[in-house]
Amino acid sequence: MKKTLTVLLAASLILSGCGRRSWFGGGDAPPNADLTAIEANNPLIPTRRDGLFRRPKAADSTVLIAKVTKLQIDRTPTGAIILAEGVASRQGAFAAVLTPPGGTLIPEDGILRLDFRVAYPVYDTIIGSEQSRKVTDGLALSSQELAGINQVIVTGAQNAMQSRRR
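Once a new chain begins, its residue numbering starts again from 1 and follows that chain's sequence as written. In keeping with the predicted nature of the model, local features appear solely for residues at pLDDT of at least 70, side-chain atom pairs appear and are counted solely at 80 or more, and the whole-chain, interface and lining totals rest on all residues. Calculation of side-chain values draws on the structure's entire complement of heavy atoms; hydrogens and water are dropped beforehand.

**Q** Provide a residue-level description of the sheet that holds strand E2 (residues 67-76), including the pertinent values.
**A** DSSP-based pairing: two strands are paired if at least 2 bridges between them are found. For helices the rule is a DSSP run of H or I covering at least 4 residues; for strands it is a run of E covering at least 2, with both sets numbered from the N terminus onward. Pairing is antiparallel in the open sheet, where 3 strands are placed in the order E2-E3-E6. Edge positions in the sheet fall to E2 and strand E6 (134-142), since each of these pairs with one other strand and no more. Within the sheet, the average angular offset between the axes of one strand and its neighbour, ignoring direction, is 15°. Across 9 bridges, E2 lies against strand E3 (residues 79-87) in antiparallel orientation. Note on geometry: axes are C-alpha line fits, over the in-contact stretch for helices, and angles between N-to-C directions span 0 to 180 degrees.

**Q** Can you lay out the nonpolar core for me, pointing to particular residues and giving the numbers?
**A** Residue types Ala, Val, Leu, Ile, Met, Phe, Trp, Tyr and Cys, when buried and joined through side-chain atoms within 4.5 Å, form a set referred to as a nonpolar core. Each residue gets one of three labels from its accessible area relative to the maximum for its type: buried under 20%, exposed over 50%, partly exposed in between, using a 1.4 Å probe on protein chains only. Core analysis: the biggest nonpolar cluster contains 20 residues, and Ile-82, Leu-98, Leu-114, Phe-116 and Val-154 have the highest contact counts within it. Broken down by element, the residue count for this core peaks at 4 residues, all from strand E5 (residues 111-119).

**Q** Explain the pattern of salt bridges to me, using residue names and the numbers behind them.
**A** Throughout this description, the term salt bridge denotes a Lys or Arg side-chain nitrogen within 4 Å of a carboxyl oxygen of Asp or Glu. By the definition in use, this model includes 1 salt bridge. Of the charged contacts in the structure, one is a salt bridge between Lys-134 and Glu-85, with a shortest N-O distance of 3.8 Å. You can see Lys-134 sitting in strand E6 and its partner Glu-85 sitting in strand E3, a full 49 residues away along the chain. Lys-134 sits in the partly exposed class, given a relative accessible area of 37%.

**Q** Explain unusual backbone geometry to me, using residue names and the numbers behind them.
**A** Unusually for a residue other than glycine, Ala-95 sits at a positive phi of about 55°. Overall, the relative accessible area of 48% leaves Ala-95 in the partly exposed class. Backbone geometry places Asp-109, a non-glycine residue, at a positive phi of 55°.

**Q** Describe in detail the layout of surface pockets, supporting the description with residues and values.
**A** To find the voids left in a structure, one rolls a probe of water-molecule size over its atoms. Quantified by volume, the largest pocket comes out at close to 300 Å³. The wall of the largest pocket is formed by 13 residues, among which Ile-73, Ser-163, Arg-164, Arg-165 and Arg-166 lie closest to the centre. Counting residues per element, the ones that place at least two in the lining of the largest pocket are E2, E3, strand E7 (151-155) and strand E8 (160-164). Nonpolar residues are Ala, Val, Leu, Ile, Met, Phe, Trp, Tyr, Cys and Pro. Charged residues are Asp, Glu, Lys and Arg, and all others, Gly as well, are polar. In terms of residue class, the lining of the largest pocket is built from 6 nonpolar, 3 polar and 4 charged. Think of a 1 Å grid over just the protein atoms. A cavity is a set of points where a 1.4 Å probe fits yet cannot get out, a pocket is an open set with protein on both sides within 12 Å along at least five of seven lines, and lining residues have an atom within 4 Å of a point. Grid points are joined across faces, edges and corners, and a volume is the space filled by probe spheres set on the points.

**Q** Account for the environment of Gly-138, with residues named and values stated.
**A** Mapped onto the elements, Gly-138 comes out in strand E6. Apart from the residues within four sequence positions on either side, Gly-138 is in contact with Ile-82, Leu-83 and Leu-98. Contacts are assigned to residue pairs that have any heavy atoms within 4.5 Å of one another.

Treat this as a map of the structure, not an account of what it does.
Right, here's the structure in full:
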């Protein structure tokens, strides 16, 4: 009994070190396999679908800020920060964002165009003083993103401001 158990244990240890093999051979890809089709239809990655509890994407309710009053570009060790200040048309503006009109930060002819957009509450608010309607937002850009940019233009509803590289 001891001899049989020792032989079985030694045989299992020796055979376990023979490499990674399955009953059907190695795990290599079949010849002439189209790997892009396999990656595109990966069964382990779930497809996005609308579930019972999934909220639909909200429509963009932001509008251009009434007037851009200040544009400042500050250098950082990793790139630059674009700061824009504007005056909203009424009080209560929130969710300010500097966003490119096309959605991508790709400059055209060395010019980066940004829209200064804000959202307003659904209920009516008073106009108030200009000081109470000021909104500030910033956008950080890396050195790689700044490489092809010579000029930045921030657009509002009534005006636009620009800053050039010196």
